[in-house]
Amino acid sequence: AQKITQTQPGMFVQEKEAVTLDCTYDTSDQSYGLFWYKQPSSGEMIFLIYQGSYDEQNATEGRYSLNFQKARKSANLVISASQLGDSAMYFCAMRPYTGTASKLTFGTGTRLQVTL
Amino acid sequence: DTAVSQTPKYLVTQMGNDKSIKCEQNLGHDTMYWYKQDSKKFLKIMFSYNNKELIINETVPNRFSPKSPDKAHLNLHINSLELGDSAVYFCASSQGLVSTNYGYTFGSGTRLTVV
């Protein structure tokens, strides 16, 4: 079974600063994908970034980057130049590529508050 | 235009009632899911269908019954609603059983309140 751990229930960051949201995972699978989702107060789940376990380069999508350290089983999300609109819940998730019943498992989330 | 649409967005009902939530995706995806998000924001998978076939059935009370008439639709029927069923229910879809990118596409959620 997979387990995703997000140890920061809440984080504050000042506007225009960078922030790192931590995520560690536990799996015995060799092939898997790591994902980050954003959930603003309006409630929808927004896909942000993806990292494959065999990808050698860290994923980047605009202001989002994923700091992937496979040996440490960590997949931290880095948001650069924070904006007020980044205030939201952020979820780390993992999906093993094991076949028919592969499922996306989420961490407990980190609530990010961007301040002026 | 909406990729994964759920109806209704809000549902308030009394204990003991039966209710349904509908989900439709126009992405051409093969696999659809139901997730439950509790009051602490924890997201947990409930069911998954691939091409109308049930492939994931987590430990969920049998009062919950999913139905997939075709691969673009996945509905959730709940019998004898209880207070503890109050949550946000998300429908999601993905391409293939093992899509390698972009995870799942989620609907906007249905907030169910049982009173």
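Residues numbered from 1 in each chain as written. Chains lettered and ligands numbered in written order. Predicted model: local features only at pLDDT ≥ 70, side-chain atom pairs only at ≥ 80, totals over all residues. Heavy atoms only, no water.

*Asks:* Describe the nonpolar core, listing the residues and the values that go with them.
*Replies:* Ranked by size, the top nonpolar core spans 24 residues in total, and within it Y25(A), W36(A), I49(A), L77(A), Y90(A) and L112(A) carry the most contacts. Formed by 20 residues, the second largest nonpolar core is a distinct cluster that contains Y97(A), L104(A), Y35(B) and F90(B). (Core = buried A, V, L, I, M, F, W, Y, C linked by side-chain atoms within 4.5 Å. Buried < 20%, exposed > 50% of the residue type's maximum accessible area, 1.4 Å probe, protein only.)

*Asks:* Tell me what's going on with the packing of aromatic side chains, and back it up with residues and numbers.
*Replies:* Residues and elements named next belong to chain B. Under the definition given, this model contains 15 aromatic pairs over all chains. The interplanar angle of 65° and the centroid separation of 6.1 Å between the aromatic rings of Y35 and Y104 together place this pair among those described as edge-to-face. With Y35 in strand β4 (residues 31–37) and Y104 in the loop between β9 (87–94) and β10 (105–106), this pair connects stretches of sequence that are 69 residues apart. Judged by relative accessible area, Y35 falls into the buried class, the value being 0%. A relative accessible area of 1% places Y104 in the buried class. (Phe/Tyr/Trp six-rings, centres within 6.5 Å; stacked < 30°, edge-to-face > 60°. Helix = DSSP H or I, 4+ residues; strand = E, 2+ residues; numbered from the N terminus.)

*Asks:* Could you give an account of the pairing of β9(B), naming the residues involved and the relevant values?
*Replies:* Side chains on a regular strand alternate between the two faces of the sheet. All names here are of chain B. Of all 8 residues in β9, 8 are buried; the element is thus mostly enclosed. Here β9 shows a buried face lined by A87, Y89, C91 and S93 and a second buried face lined by V88, F90, A92 and S94. Pairing between β4 and β9: 7 bridges, direction antiparallel. Note on β9: the bridge partner recorded for Y35 is F90. Direction of pairing for β9 relative to strand β11 (residues 110–114): antiparallel, over a ladder of 3 bridges. For V88, the partnering residue across the bridge sits in β11 and is R111. Alignment of β9 against β10, held across 2 bridges, turns out to be antiparallel. Within β10, the residue paired with A92 across the bridge is F106. (Pairing = 2+ DSSP bridges.)

*Asks:* Describe the pattern of salt bridges, listing the residues and the values that go with them.
*Replies:* By the definition in use, this model includes 7 salt bridges over all chains. K44(B) serves as the salt-bridge partner of E58(B), at 3.6 Å between the closest nitrogen and oxygen. With E58(B) in the loop between β6 (53–57) and β7 (64–70) and K44(B) in strand β5 (residues 43–50), this pair connects stretches of sequence that are 14 residues apart. One salt-bridge network, held together by shared partners, links K103(A), K44(B) and E58(B). (Salt bridge = Lys/Arg side-chain N within 4 Å of Asp/Glu carboxyl O.)

*Asks:* Got a sec to walk through the sheet that holds strand β1 (residues 4–7) of chain B? Specific residues and values, please.
*Replies:* Hydrogen bonds along the backbone pair up the strands of a sheet, which may run parallel or antiparallel. All names here are of chain B. Taken in spatial order, the 4 strands make up an open sheet running β1-β3-β8-β7, and their pairing is antiparallel. The strands lining the two open edges of the sheet, one partner per strand, are β1 and β7. Taken pair by pair, the neighbouring strands of this sheet meet at an average axis angle of 15°, ignoring direction. Pairing between β1 and strand β3 (residues 19–25): 4 bridges, direction antiparallel. Opposite S5, over in β3, you have E24 as the bridge partner. (Axes fitted to C-alpha atoms, helices over the stretch in contact; angles between N-to-C directions.)

*Asks:* How would you summarise the side chain of Q51(A) if you had to cite specific residues and measurements?
*Replies:* Residue and element names in this part refer to chain A. Residue placement: Q51 occurs in strand β6 (residues 46–52). Here A59 takes part through its backbone nitrogen, which lies 2.8 Å from a polar atom of the side chain of Q51. Apart from residues no more than four positions distant in its own chain, Q51 is found in contact with Y32, G33, L34, Q57, N58, A59, L66 and F68. (Polar contact = N/O pair within 3.5 Å; in protein donor to acceptor, adjacent residues only side chain to side chain. Contact = heavy atoms within 4.5 Å.)

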